[in-house]
Amino acid sequence: MNNLPKTPDTQPDIMDIAAPLAAQLVNESLPKHIDEVIAEIDEKFPQEEGPSLAQLWKYREEVRAKYGLPECGGRWRDPQAYINTMEDFLGREHIDIRAKYEFEPFFNEYPTAGAVTFESSAFRDVTIVASVSSSNNFYGLRKRANYLAHEAVHGMQQKRSPRMPNEIGEREAYYYQMLTPQRIRETDDIFTFIATVIEPYIVGSVELNERMNEKR
Ligand SMILES: [Zn+2]
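Here the structure is a predicted model, which is why all the values come from computation and not from measurement.

Asks: Would you take a moment to explain the overall build of the protein for this structure?
Replies: Looking only at helices and strands, the protein has nine helices and three strands in total. Beginning at the N terminus, the succession of helices and strands in the protein can be written as α-α-α-α-β-α-β-β-α-α-α-α. Sorting the 216 residues of the protein into buried and exposed places 25% on the buried side. A sequence separation of at least 24 residues applies to 66% of the contacts in the protein between residues at least 6 apart.

Asks: Just checking my understanding: could you explain the nonpolar core for this structure?
Replies: Side chains that are nonpolar tend, in soluble globular proteins, to be buried together. Residues Leu148, Ala152 and Tyr176 are the most contacted members of the largest nonpolar core, which totals 35 residues. For this core, the secondary structure elements donating two or more residues are helix H2 (34-44), helix H3 (53-67), helix H4 (79-92), strand E3 (127-130), helix H6 (138-160), helix H7 (166-178) and helix H9 (190-215). Sorting elements by how many residues they give to this core places H6 first, with eight residues. Not counting residues within four places of it along the chain, the set of residues in contact with alanine 152 comprises Leu69, Met86, Phe89 and Leu90.

Asks: Please explain the pairing of E3 as it appears in this structure.
Replies: Along any regular strand, the residues point their side chains to alternate faces of the sheet. Two elements, strand E1 (residues 96-99) and E3, share four bridges in a ladder whose sense is parallel. The residue of E3 that forms the bridge with alanine 99 is alanine 130. Pairing of strand E2 (residues 116-118) with E3 involves three bridges; the strand directions are antiparallel. When the bridges of E3 are listed, threonine 117 appears paired with isoleucine 128.

Asks: Could you clarify how one ought to interpret the sheet that holds E3 in this entry?
Replies: Within a sheet, adjacent strands bond to each other through the backbone by hydrogen bonds, running parallel or antiparallel. On the basis of which strands lie adjacent, the open sheet formed by three strands has the order E1-E3-E2 and mixed pairing. The sheet is open, and its two borders are formed by E1 and E2, each paired with just one other strand. For this sheet the average axis-to-axis angle between neighbouring strands, irrespective of direction, equals 25°. Across the face of the sheet, H6 comes into contact with E2 and E3 while running at roughly 160° to E3.

The rules behind each value
Residues numbered from 1 in each chain as written. Predicted model: local features only at pLDDT ≥ 70, side-chain atom pairs only at ≥ 80, totals over all residues. Helix = DSSP H or I, 4+ residues; strand = E, 2+ residues; numbered from the N terminus. Buried ≥ 20, exposed ≤ 12 C-beta atoms within 10 Å, placed from the backbone. Contact = placed C-beta atoms within 7 Å. Core = buried A, V, L, I, M, F, W, Y, C linked by C-beta atoms within 7 Å. Pairing = 2+ DSSP bridges. Axes fitted to C-alpha atoms, helices over the stretch in contact; angles between N-to-C directions.

If you want it as structure tokens, here you go:
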């Protein structure tokens, strides 16, 4: 083929180039629905024991619906947009957000705590304490977005079911925060991510909460 003379007949038609490009653009602007992505993953990695991804996703979306939480999956790319959305959401729910530096003694006592939610009392509303960030510090913004996602679940739990068992509370918070559509689409092995990241985080936070409760 390469040795053929370059006559007009052997020139690629412009449509041969344009058509595949157009197909690619369509695919990029219309990604598969998340349910379809999940069904494909479940087919590829059938679980012998434990829930399927479809079941875990359903649980995560029930948590989100129960508290009326906005989708937090986009926060990695645009943390500021998610922070703004959550500050509005928490304001409407009368959940106070305070800066971490105002609670220095608490975080000195529990150095592994990244953020915290305090129950309401006679003196205050339910209060979320999270790090603040300047608007040009991308990693700081991501950190704040992460903490707001997690603590917003605890804030809503404090308002709606303050006696919820610790482990259920952490499970709700971590699945909302971490089992996002983006994570499902972009993680090669989501079941390993769940087993080695999400579930150990739940255990770690339950232990930390128990230590805090003992001291009260
Ligand atoms: Zn937590």
